[in-house]
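# Structure assessment
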Amino acid sequence: GDSVTQMEGPVTLSEEAFLTINCTYTATGYPSLFWYVQYPGEGLQLLLKATKADDKGSNKGFEATYRKETTSFHLEKGSVQVSDSAVYFCALSDGVNSGNTPLVFGKGTRLSVIA
Amino acid sequence: DAGVTQSPTHLIKTRGQHVTLRCSPISGHKSVSWYQQVLGQGPQFIFQYYEKEERGRGNFPDRFSARQFPNYSSELNVNALLLGDSALYLCASSFRDRGFSYNEQFFGPGTRLTVL
């Protein structure tokens, strides 16, 4: 079945450091790919998405590019802030009608940014 | 506009008991999905409901059931609770149309269930 593998955390960075969180996927179809963020005590928020190969999703300084040849969707940010401390989940939605198929999540990567 | 709301926020039960969790979707959203997030893991899909009908089910035992009401709110029921059912239960709502565009799922804050 479909699956998502992301780098294990925790990841601890100093403020203004460069962030990369690796994510690779396995899917039988042509999935849409997502990054969700979960702040302490809150639900999941969609951070960015990409629906086809070579698409780049971006939001709040975060970026990820859909790489079909390497089945990857790595999350990057050039300069992290303390407020970026959270758990980040890579996810996919497979099927013809990706809007209505369930999300498959990775295990999450906890990011801590220190001042 | 209010986001997805869930109740209760926290719940403590003992093994063998039954629990009901509730979810109210964003106004105008007709699809509700339930996910289980065990500590240290990513959310796992349990159910999806649309227009009061089950449209998808994950790999969970029959002890788990759900329903959707005419106002599109939803309940998740779990019978004969086990220690392993301790988790954060997330509800997500989406508009859902018949097209092929992605309908973003908006998540609620979750219900933290502890089974002792």
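Up top is the structure these notes are about.
In this text the structure is predicted, and so the values were computed from the model without any measurement.

On to the overall build of chain B. Assigned secondary structure in chain B consists of zero helices and eleven strands. Helices and strands in chain B line up, N terminus first, as β-β-β-β-β-β-β-β-β-β-β. Against the compact-globule benchmark of 13 Å for 116 residues, chain B has a radius of gyration of 14 Å, which places it among compact chains. For chain B, the spread of C-alpha atoms along the principal axes amounts to about 45 × 30 × 30 Å.

Residues and elements named next belong to chain A. Taken together, four strands build an open sheet; the order of strands is 3-9-8-7 and the sheet is antiparallel. Every interior strand has two partners, whereas the edge strands, strand 3 (19-21) and strand 7 (56-59), have only one. In this sheet, neighbouring strand axes are inclined to one another by 15° on average, regardless of whether the strands run parallel or antiparallel. In terms of strand pairing, strand 8 (residues 62-65) meets strand 9 (residues 75-77) through three bridges, oriented antiparallel. When the sheet's bridge partners are listed, Phe 62 is paired in strand 9 with Lys 77.

A word on unusual backbone geometry. Peptide bonds are trans in most cases, and residues, glycine excluded, mostly fall at negative phi. Residue Gly 9 of chain A is joined to Pro 10 of chain A through a cis peptide bond whose omega torsion reads 0°. Following the sequence through the fold, Pro 10 of chain A ends up in the loop between strand 1 (3-6) and strand 2 (11-14). A cis amide bond links Ser 7 of chain B to the next residue, Pro 8 of chain B, at an omega of -10°. Positive phi outside glycine occurs at Glu 16 of chain A, with the angle close to 75°. The exposure class assigned to Glu 16 of chain A is exposed, which follows from its relative accessible area of 60%. The backbone of Ala 80 of chain B shows a phi angle near 45°, a positive value even though the residue is not glycine. Mapped onto the elements, Ala 80 of chain B comes out in the loop between strand 8 (74-78) and strand 9 (87-94).

The next point concerns the pattern of salt bridges. Residue and element names in this part refer to chain B. Applying the stated rule across the entire model yields ten salt bridges over all chains. We note a salt bridge from Asp 85 to Arg 63, for which the minimum N-O separation is 2.8 Å. Remark: Arg 63 occurs in the loop between strand 6 (53-57) and strand 7 (64-68) and Asp 85 occurs in the loop between strand 8 and strand 9; sequence separation between them is 22 residues. One salt bridge in this structure joins Arg 67 and Glu 75, with 3.3 Å as the shortest N-O distance. Residue Arg 67 is classed as partly exposed on the basis of its relative accessible area of 43%.

Aromatic ring pairs: the centre-centre distance and the angle between the two ring planes describe each pair. Residues and elements named next belong to chain A. The final tally for this structure, using the stated rule, is 13 aromatic pairs over all chains. With a centroid separation of 6.1 Å and an interplanar angle of 80°, the aromatic rings of Tyr 25 and Tyr 66 are classed as edge-to-face. Here Tyr 66 lies in the loop between strand 8 and strand 9 and Tyr 25 lies in strand 4 (residues 23-26), a separation of 41 residues in the sequence. Per residue, the accessibility class of Tyr 25 equals that of Tyr 66, and both read buried. The ring of Tyr 30 has Lys 68 sitting right over it, with the charged end atom 5.3 Å from the ring centre.

Residue and element names in this part refer to chain A. Mapped onto the fold, Ser 58 is located in strand 7. Here the alpha-carbon distance between Ser 58 and Glu 15, two residues 43 residues apart in the chain, equals 20 Å. For Ser 58, the residues in contact, after removing those within four places along its chain, are Leu 48 and Glu 63.

As a further point, take the state of the cysteines. All names here are of chain A. Tallied over the full model, the rule gives two disulfides over all chains. Between the sulfur atoms of Cys 23 and its disulfide mate Cys 90 the distance is 1.9 Å. As the torsion about the S-S bond is roughly -70°, the Cys 23-Cys 90 disulfide counts as left-handed. Of this pair, Cys 23 sits in strand 4 while Cys 90 sits in strand 10 (residues 86-93), and the two are 67 residues apart along the sequence.

Bringing the side chain of Thr 65 of chain A into the picture now. All names here are of chain A. Position of Thr 65 among the secondary structure elements: in strand 8. Judged by relative accessible area, Thr 65 falls into the buried class, the value being 16%. Contacts of Thr 65, omitting those with residues within four sequence positions, involve Asp 54, Asp 55, Lys 56, Ser 72, Phe 73 and His 74.

Reading the values: rules and limits
- Residues numbered from 1 in each chain as written.
- Chains lettered and ligands numbered in written order.
- Predicted model: local features only at pLDDT ≥ 70, side-chain atom pairs only at ≥ 80, totals over all residues.
- Heavy atoms only, no water.
- Helix = DSSP H or I, 4+ residues; strand = E, 2+ residues; numbered from the N terminus.
- Rg over C-alpha atoms; globule rule 2.2 N^0.38 Å.
- Pairing = 2+ DSSP bridges.
- Axes fitted to C-alpha atoms, helices over the stretch in contact; angles between N-to-C directions.
- Buried < 20%, exposed > 50% of the residue type's maximum accessible area, 1.4 Å probe, protein only.
- Salt bridge = Lys/Arg side-chain N within 4 Å of Asp/Glu carboxyl O.
- Phe/Tyr/Trp six-rings, centres within 6.5 Å; stacked < 30°, edge-to-face > 60°.
- Lys NZ or Arg CZ within 6 Å of the ring centre and 35° of its normal.
- Contact = heavy atoms within 4.5 Å.
- Disulfide = S-S within 2.5 Å.

Everything listed here is a matter of geometry and, on its own, says nothing about what the molecule does.
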